[in-house]
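Architecture at a glance
Chain by chain, the residues run as shown.
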Amino acid sequence: MTVADSGKDGFPSVQELRFHVLGSLEVWASGIRVRLGGTIQERVLATLLLEPGRVVPIARLVEAVWEEDPPATASHQVRKAVADLRRRLPSGREMISTDGPGYRVITSVSQLDLLDFNARIQTAAQAVGVGRLTDACAELQGALDLWRGPVLAGEGGPVIGRAANALEERRLAAAEQLHELRLELGASSELVASLRALVDAHPLRETLRGQLMLALYRSGRQADALEEYGKVRELLVDELGIDPGSRLVKLYEGILRESPELTAPQGGPPATASGMPAEQRGPVSTLPYALPDFTGRAKELAILLSRVRAERLPDEHSARVVAIDGMGGAGKTSLAVRAAHQLTEEFPDGQLYVDLRGFTPGEQLPISASTALDILLRAIGTPSEQIPEDLPGRTATWGSALAGRRMLLLLDNASDAAQIQPLLAAPPGCLVLITSRVRLLDLDGIEWISLGLMPPEDSATLVARTLGPARVKAEPQAAAELAELCGHLPLALRIATARLRNRPRWTVRHLVERLQDESRRMDELSSGERSVAVTLQLSYLAMDDRHRAAFRILGLHPGDGIDAHSAAALLDTGVRDAEDILELLLDVHLLQQPGLGEYTFHDLVRSFAQSLHGPMTERTDADAVQRLLSYYLTATNVACDVLFPGRTARSTGIPPYQGELPELTEEKTVSLWFRREHQRLLAVVDLADRLGYDRHTGWLVRDLVFHLNAGGYFEEFRALGRLAVQAARRLDDPVLLSISLSSLGAACWKLGCFEEGINVAREGREIAVRLGDRDAEANSESALGLLMSMLGRYNKALPLLEHAVELARELGTARAEAETQTNLSSLYARWGRYPEAAASALRALELERDTANPVNETMALADLAFAQLGMGQYVDAEASLRRARELCDESAPQGDVALVLALSAEVAHRLGDSDAVSELAERAQILARSSGTPVRQAKAENILGRLHTAQGRYTSATALHTHALEVASAIQFRSEQASAYLGLAQAAEGLGDGATARKNHLAAAELFDLMEIPEAGRSH
């Protein structure tokens, strides 16, 4: 029915309406979903649609909306909701009519899926009455295909729930009748999957269980059929305290004695009521039952249907072939069956299904092309005597039988091209759908659709539909975690939710906690004949021994991804061979490819790969891990030599990796490599530490901390520093321990862990003195001096820094002296001794010309500018800061850049350059907050706070100094605590708050006295 509307409020003006209640409530108009408003409108419309054409009293609508506790205005709100619905729905006033005490919806079969369902059930009953069983099956299947899930998604309260339960019973009755008719028509093995799904969802329904038993028995699986009886008997006794009914008992006894009356009809499919043979009676369909709760895959389904329906080319002389590939458990068969059912009208001469058993539990070998052709020829009614014995003869007969027909052929679970090729001899009017775990590259002219993982939103919907909205609503966070732990793999999600349905006392959280144990995750994801591990094992066993071994060994990689170089190290092959292996594993969907040259395991596939390791593989596993660690140690060492020249050369005692390394010769390439490998490098260090490779742990950390420091990864810097120290202690290696302590001390300074850093530096100095390692001694002295100054212990810090400078000069280590000179410059500036601060900074800059260390050069320039600012040399300070800003590229630590920009803003203010001030200050504040370095953050915010006070912006200055005080107090950074109190006092004076100003001046003075800072150093 075409309806018109004025188009007000943005609604379409001329639309074709379609109402859906067999699933979530949806209203569509010409392909556009109509928004219904709130919950009241949705429940009112749902109640009316569940009784189409009938008057629904307002009292029942009130009950449907509010259940047992309606408000006093409930009737009025229902009327408002009806008025709103009439406005939102095109021709809503005619669609929803007022009739006496209530309302009713006037709609047609073409508009409401419930009416469509009823009509198809009635047509099926009429077809059965005249003996047209195939037609009845088609109508029943069409009726069941209308269901998108539980009625109104299982929501809506008691009134709607009662109506939904009645409809669910009718759906199950239709499913039972469909399977009964198909059993009468001779179907057997092809019904097992659909009946299994229904029985899993309704385990106590005896009719379905009996049909499954009969289908199994007729498929030659007598033992499985008897096992089903045992299962249902146990369930009935446990759940209801009763025994199975007499019909089921009789069927069980008949199967036991192999009663002839239970065998499938002989001599081919039965005759129709007119007595005509099957091959002349019209279309035949052997498609499996479509999942009633099929969820997601809307994008892939749309692509598949669009390719099937695309305009045919003039030179097409054969059937159109569309194939779906994807990993085991991704839902390839469900998608193909769903599409096939939607395409039945376009292929009126029949729809055939064959499971080729390429990857089927319990099957030794896939069925051959010859056997598949025999199945297909018999399905379309070809007499046995007319089916040739040889493959070429069957291929020719198959092509001839399809001539002039429009048929759909679904070839499920294909293993290779040889199995498929003879089955494609179909005319242009036919369609062949293929599913396979591997992309069959030897087949030409096929359009492929690769099925990946389900999007998180589709996973959530699937969990809700299979588990029930109520349980998901009760534990939404656990339900989301469940989907993550199942890796958004449909098979895993269905197994997990099935386990929860069969264990009503389990909470979702309980299953999540069980799945979090990775060692038992694969065991948890197993239910009856369905198992993620078994599904993956079939793909694994289909490979040759070499690729099985490679798959297992690659599972040892601890990172989030694998590249060809690290794979080559694990596999002990060349990089090109490793790429070939990775690509083959990608083709069979045991690996995924998020980007060019990058390969990853699905979480469940990784768990499966790791389950393959055991005592028999210990030696080869250990060799592979050692090669991987040596590869990463050699690669990081080369990379650090490029990015951080001037490092002291050290002998690790570990033979270098002899295989091919990535291209690590230019700074840009190396920086990209470090960023790409960042998480993997952390995982590799963790692996080395867990497996007891202490020497690899210590030396990997020694290289990696340069990258972590430069990139601002200070928490990871400290964590790895601690790991390296522990590894060196276990090795009793004083040289490695000294180096590791030095790294840990630097991390402690960056994070403001000054006391820990002092203890670390003292131990490092003791070891250096004992070893006679003057380089390490100088480094430890410098670190101690820096850390002491952070705590305001300047009188103790000064001699340490001066001694460190002397040692560095004696040893001729320009880099070490330059770093210590910058520390001295900061200390002198804090004391107000600006000429000495400038001299130390200039000396550091002079030394930096030889070391090419842009990070230290930047900070030396900042220290020089700070001293120049203290001496009133603003133009010189701006020149120093301009040079510093030029050095601040993307690789520069954000905290350092923030400090440079904050100082630049202050100098610009002193020079009267108001245009530059705000931009520099804003960038500085953003970088300071995101730098992860409390030392730099506190100092930058205090500088910016003083700037705001100078500008008369006392409130914002207070906020900056308050936050700087919080940061500095947390790490006992006394000089910046004092500066923050001083800044708060000056801002309070500007606001006219004398009491607050006096309190903060006093707090600042106490800290300055404690640090023995002279008056000259108390102005900032």
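Residues numbered from 1 in each chain as written. Predicted model: local features only at pLDDT ≥ 70, side-chain atom pairs only at ≥ 80, totals over all residues. Heavy atoms only, no water.

1. Concerning the overall build of the chain
Keep this limit in mind: Helix and strand labels come from DSSP, where a helix needs a run of H or I of at least four residues and a strand needs a run of E of at least two; each type is numbered from the N terminus. Working definition: with a 1.4 Å probe on protein chains only, accessible area under 20% of the residue-type maximum means buried, over 50% means exposed, and in between means partly exposed. The contact definition used throughout considers only heavy atoms, calling two residues in contact when any of these lie within 4.5 Å.
A count of helical and extended segments in the chain gives 45 helices and 17 strands. Along the first, second and third principal axes, the C-alpha atoms of the chain reach 115 × 75 × 65 Å. Out of the 1020 residues belonging to the chain, those deemed buried represent 53%. Within the chain, counting contacts between residues at least 6 apart in sequence, those at least 24 apart form 68% of the total.

2. A word on the sheet that holds strand β6 (residues 96-99)
Note the threshold: The rule for pairing is simple: two strands pair if DSSP sees at least two bridges between them. Note on definitions: angles span 0 to 180 degrees between N-to-C directions of axes, and those axes are lines fitted to C-alpha atoms, for helices only across the stretch in contact.
The strand order across the open sheet built from three strands is β5-β7-β6, with neighbouring strands paired in antiparallel fashion. Each of the sheet's edge strands pairs with one partner strand only, and the pair in question is β5 (56-57) and β6. Running at roughly 70° to strand β7 (residues 102-105), helix α1 (residues 39-49) makes contact with β5, β6 and β7 of the sheet.

3. With respect to the pairing of strand β11 (residues 408-414)
Of all seven residues in β11, seven are buried, a share of seventy percent or more. One ladder, built from five bridges, connects strand β10 (residues 350-355) with β11; its direction is parallel. Bridge pairing links leucine 352 to leucine 409 in β11. Bridge count for β11 against strand β12 (residues 431-436) is five bridges, and the pairing is parallel. What sits directly across from alanine 414, in β12, is serine 436.

4. Overview of the packing of helix α41 (residues 914-930) against helix α42 (residues 934-950)
For clarity, the threshold we go by: Geometric relationships in this document are graded by angle, where less than 35 degrees denotes roughly parallel, more than 145 denotes roughly antiparallel, 65 to 115 denotes roughly perpendicular, and other angles denote oblique. Should the near helix be turned counterclockwise from the far one by less than a right angle, the crossing is left-handed, whereas a clockwise turn marks it as right-handed. In this classification, the charged set is Asp, Glu, Lys and Arg, the nonpolar set is Ala, Val, Leu, Ile, Met, Phe, Trp, Tyr, Cys and Pro, and all remaining amino acids, among them Gly, are polar.
Following both chains from N to C, one finds α41 and α42 inclined at 150°, their axes separated by 9 Å at the closest point. Of the possible angle classes, the one that applies to α41 and α42 is roughly antiparallel. For the element pair α41 and α42, the recorded crossing hand is left-handed. Between α41 and α42, the residues in contact are Val917, Ala921, Ala924, Gln925, Ala928 and Arg929 and Gln937, Ala940, Glu941, Leu944 and Leu947, respectively. Each residue belonging to the contact of α41 with α42 can be placed in one class, and the counts come to seven nonpolar, two polar and two charged.

5. Things to note about empty space enclosed by the protein
Counted only if it meets this: Residues are said to line a cavity or pocket when one of their atoms sits within 4 Å of a point; the points come from a 1 Å grid over protein atoms alone, cavities being sets where a 1.4 Å probe fits but cannot get out and pockets being open sets with protein on both sides within 12 Å along at least five of seven lines. Grid points are joined across faces, edges and corners, and a volume is the space filled by probe spheres set on the points.
Within this structure, the stated rule accounts for one cavity of 30 Å³ or more. Here the largest cavity defines a volume of roughly 30 Å³. For the largest cavity, the full set of lining residues is Leu352, Trp398, Leu402, Met407, Leu408, Leu409, Cys430 and Leu431. Elements supplying a minimum of two residues to the lining of the largest cavity: α15 (391-402) and β11. Split into classes, the residues belonging to the lining of the largest cavity amount to eight nonpolar, no polar and no charged.

6. Describing the pattern of salt bridges
Note the following rule: Think of a salt bridge as a Lys or Arg side-chain nitrogen and an Asp or Glu carboxyl oxygen that are within 4 Å of each other.
Counted under the stated rule, the structure contains 51 salt bridges. Salt-bridge contacts for arginine 702 lead to aspartate 703; the nearest nitrogen and oxygen are separated by 4.0 Å. For arginine 702, a relative accessible area of 10% gives the class buried. For aspartate 703, a relative accessible area of 3% puts it in the buried group. Between glutamate 906 and arginine 910 there is a salt bridge, and its shortest N-O distance comes to 3.2 Å. Taken together, the residues glutamate 906 and arginine 910, both in helix α40 (residues 894-910) and four residues apart, mark about one turn of the helix. According to the relative accessible area criterion, arginine 910 is partly exposed, its value standing at 39%. Through salt bridges that share partners, Asp560, Glu598, Arg676, Glu677 and Arg680 make up one connected network.

7. Digging into the packing of aromatic side chains
Worth spelling out the cut-off: Classification of ring pairs rests on two measures: the distance between centres of Phe, Tyr or Trp rings, Trp counted by its six-membered ring, which must be within 6.5 Å, and the angle between planes, read as stacked under 30 degrees, edge-to-face over 60 and tilted in between.
Tallying each qualifying case throughout the model produces 12 aromatic pairs. Pairing tyrosine 540 with phenylalanine 551 gives two aromatic rings, centres 5.8 Å apart and planes at 50°, and the pair type is tilted. Here tyrosine 540, found in helix α23 (residues 532-541), pairs with phenylalanine 551, found in helix α24 (residues 545-554); they are 11 residues apart in sequence, far enough to count as distant. For the pair shown, tyrosine 540 and phenylalanine 551 are each scored as buried. In textbook terms, an aromatic cluster arises when at least three aromatic residues are bridged by ring pairs, as seen for Tyr540, Phe551, Phe601 and Phe608.

8. Some remarks on the environment of arginine 998
Position of arginine 998 relative to the elements: it lies in helix α45 (residues 994-1011). For arginine 998, a relative accessible area of 60% puts it in the exposed group. Placed 38 residues apart in sequence, arginine 998 and leucine 960 show a C-alpha to C-alpha distance of 19 Å.

9. Regarding the sheet that holds strand β13 (residues 447-451)
Spatially, the six strands line up as an open sheet ordered β8-β10-β11-β12-β9-β13, and their pairing is parallel. The open sheet has two free edges, formed respectively by β8 (284-285) and β13, since each of these has just one partner strand.

10. Observations regarding the pairing of β6
As defined by bridge partners, β6 adjoins β7 across four bridges and the pair is classed as antiparallel. Residue pairing for β7: aspartate 99 is matched across the bridge by glycine 102. Linking β6 back to β7 in an antiparallel pair, the connection comprises two residues, with glycine 100 at a positive phi of about 60°.

11. Regarding the nonpolar core
What counts is decided by this rule: Residues grouped as a nonpolar core are buried Ala, Val, Leu, Ile, Met, Phe, Trp, Tyr and Cys residues, joined through side-chain atoms within 4.5 Å.
Ranked by internal contacts, the top residues of the largest apolar core, which has 162 residues, are Ile434, Val532 and Phe551. For this core, the element with the most residues is helix α28 (residues 618-643), which contributes 11 residues. With residues near it in sequence (within four places) discarded, phenylalanine 551 still touches Tyr540, Met543, Leu585, Leu590, Phe601, Val605, Phe608, Ala609 and Leu612. Leu61, Ile96, Leu144 and Ala187 belong to the second largest nonpolar core, which has 81 residues in total.

12. Some points on the side chain of aspartate 896
Considering the arrangement of structural elements, one finds aspartate 896 in helix α40. When residues no more than four places from it in sequence are discounted, the contact partners of aspartate 896 are Val855, Met859 and Arg936.

13. A closer look at the confidence of the model for the chain
What counts is decided by this rule: The quantity called pLDDT is the predictor's confidence in a given residue, expressed from 0 to 100.
Per-residue pLDDT for the chain averages 84, and the proportion of residues at 70 or more is 92%. Across residues 1-15, where pLDDT falls below 50, the model places 27 contacts with residues more than four positions away in sequence or in other chains. Note on residues 267-281: pLDDT is under 50 here. Beyond four places in sequence and across chains, it has 16 contacts.

14. Some points on unusual backbone geometry
Positive phi values are uncommon outside glycine, yet glutamate 258 reaches one of about 55°. Tracing the chain through its elements places glutamate 258 in the loop between α11 (246-256) and β8. With a relative accessible area of 48%, glutamate 258 lands in the partly exposed category. Of note in this structure, histidine 488 is not a glycine but carries a positive phi near 55°. Considering the arrangement of structural elements, one finds histidine 488 in the loop between α19 (476-485) and α20 (490-501).

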